[in-house]
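# Commentary on secondary and tertiary structure
Each chain is listed here by its residues.
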Number of protein chains: 2
Amino acid sequence: MTDHIVSSFDTDLKELGRRVVEMGGQSERLVADSVQALVKRDAELAQKVIVLDGPVDLLQREIEEKAVLTIARRQPLAGDLREIVAAMRVANDLERIGDLAKNTAKRVLALTGEFHPQKLVRGVEHMSGIVLEQLKVVLDSYASRDAARALDVWQRDGEVDVLYTSLFRELLTYMMEDPRNISLCTHLLFCAKNIERIGDHATNIAETVHYLTTGQLLTEERPKQDTSSLTSVAFPA
Amino acid sequence: MTDHIVSSFDTDLKELGRRVVEMGGQSERLVADSVQALVKRDAELAQKVIVLDGPVDLLQREIEEKAVLTIARRQPLAGDLREIVAAMRVANDLERIGDLAKNTAKRVLALTGEFHPQKLVRGVEHMSGIVLEQLKVVLDSYASRDAARALDVWQRDGEVDVLYTSLFRELLTYMMEDPRNISLCTHLLFCAKNIERIGDHATNIAETVHYLTTGQLLTEERPKQDTSSLTSVAFPA
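Residues numbered from 1 in each chain as written. Chains lettered and ligands numbered in written order. Predicted model: local features only at pLDDT ≥ 70, side-chain atom pairs only at ≥ 80, totals over all residues. Heavy atoms only, no water.

Quick reminder of the rule: UniProt positions are given in the numbering used here, feature names are shortened, and annotations may be inferred rather than shown by experiment.
As recorded in an unreviewed UniProt entry, chain A goes by Phosphate-specific transport system accessory protein PhoU and comes from Ancylobacter koreensis. UniProt, in its Subunit (unreviewed entry) section for chain A, records the words "Homodimer." According to the UniProt record, the Sequence similarities (unreviewed entry) comment for chain A reads "Belongs to the PhoU family."

Listed below in structure tokens is the structure:
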């Protein structure tokens, strides 16, 4: 029990933060489940992801609404304003993360019954593991207002990009080797892109947490290493 | 010359709207130029798109900042608050549209010197024409507060989805017919996806304009017709 008198403004701020954390947990779960569904070819789990993205979208709108009303009612000063804007931004990134997980889940349904060599999925699974870890850490850094952990996520974004670029090449090569791989690999390319973008959103969240806790913008361009959109694979002889 | 006394709050609102319209024009231009660069294989134009996405991102942050400060300072009532929230939402969609155009432009650079039969690009060009028209109309509807035009854009989103799904199938078929098409078609698939998502953002903007002008949410699920993530193409015998 605290014996502080908690103002109703503090209550508003706490409630806002609590909802963002809740939304973070839900989004994280959607990502993990969509990748599991892909790896295990589990159409039922994929369906669940598609359905459960709805509540995440709803939560984003609620957070935005509550944030705007709190700003309008309380006329917060700089520090508190930062808190509220951060909640809106993080919710925005989490909503997009949920959408990307849903897109992966839809592709799982498309692939039911397809020619599906397990080794083709392995690269996507590996990359997902790293992105999920990044997402977990950055959500923890938001909950605990830990600028150092946020910075760590931000600095590691390049790793995911390197992995994605090499995966892109690998999948293109499989397609060229055996045209039966084309349909699966195309969907896997989009899944890999979804996961890479989830990593980008985790990095955005890291920027927001850093700004929230320090008041400083991470202005230097983060070291972008995704060159897949610049990648072409020579046609093998 | 008007002889009304214009309050500084009105000035704030007008300035916010003006910046959103400006950002709309810039984003629209990025989309048009990225598609032109793709069709004409114009690396120089693609570079320009990549560079000019920066100012669009900056404008989004400025709009968000100005919106939040206006809410905090003026404590606006419902109608004005809607105006400000709409500006933030539209800016958010426009920022994403700019990013998608930039991604297409990067792919143009990847394709320099690739095997590049013109007919493969035609479907993407056609689809872009429709999406660009949707974007133009919805930005006009924002500038003129025209709920009916916004609703029209919202109702037509399904057309783009149908086109995208058929283009997805077509590109997969080209890949299966001739492996030399794989690299180009993969990038074209991502370009087509970018354009389909630009269409989605135009539809989001339509929802925002409708909400802004009528105070009503377009709650019924818009008729989603993109089934490409559910598409698989049988391996041709």
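### Side note on the UniProt feature "domain: PhoU" (unreviewed entry) in chain A
Residue and element names in this part refer to chain A. We apply this condition: Strands here mean DSSP runs of E at least two residues long; helices mean DSSP runs of H or I at least four residues long; both are numbered from the N terminus.
UniProt marks residues 21-108 and 124-209 with the feature "domain: PhoU" (unreviewed entry), using the numbering shown here. Between the C-alpha atoms that bound residues 21-108 the distance is 28 Å, and the span itself is 94% helix and 0% strand. Spanning residues 124-209, this segment combines 91% helix with 0% strand, and its end C-alpha atoms are found 28 Å apart.

### Comments concerning the relation of the copies chain B and chain A
Heads up, the rule is: Least squares is the method used to superpose the copies, on C-alpha atoms of residues holding a pLDDT of at least 70 in both. Contacts: residue pairs with any heavy atoms within 4.5 Å of one another.
For the pair chain B and chain A, the superposition axis carries a translation of 0.0 Å, the fit reaches an RMSD of 0.0 Å, and the rotation angle comes to 180 degrees. Both copies of the chain, as the preceding transformation shows, are related through a two-fold rotation axis. When each C-alpha of chain B is compared by its distance to the rotation axis, Ala72(B) comes out closest, at 2.8 Å. Comparing interface residues between copies, 100% of those in chain B also lie at the interface in chain A; the contact surface is shared.

### As for the pattern of salt bridges
How we decide: Salt bridges are identified by distance alone: a Lys or Arg side-chain nitrogen within 4 Å of an Asp or Glu carboxyl oxygen. Per-residue accessibility, obtained with a 1.4 Å probe over protein chains only, is compared with the maximum for each type, and a residue is labelled buried under 20%, exposed over 50%, and partly exposed between these values.
In this structure the tally under the stated criterion is 30 salt bridges over all chains. When the shortest N-O distance is used, the salt bridge between Asp53(A) and Lys102(A) registers 3.6 Å. With Asp53(A) in helix H2 (residues 43-74) and Lys102(A) in helix H3 (residues 78-110), this pair connects stretches of sequence that are 49 residues apart. Residue classification places Asp53(A) among the buried residues on the basis of a relative accessible area of 1%. One salt bridge connects Arg89(A) with Glu64(B), and the closest N-O pair in it is separated by 2.3 Å. Taken together, the residues span two chains, with Arg89(A) in helix H3 and Glu64(B) in helix H2 (residues 43-74). When salt bridges that share partners are traced, they join Glu15(A), Arg18(A), Arg19(A), Glu22(A) and Glu62(A) into one network.

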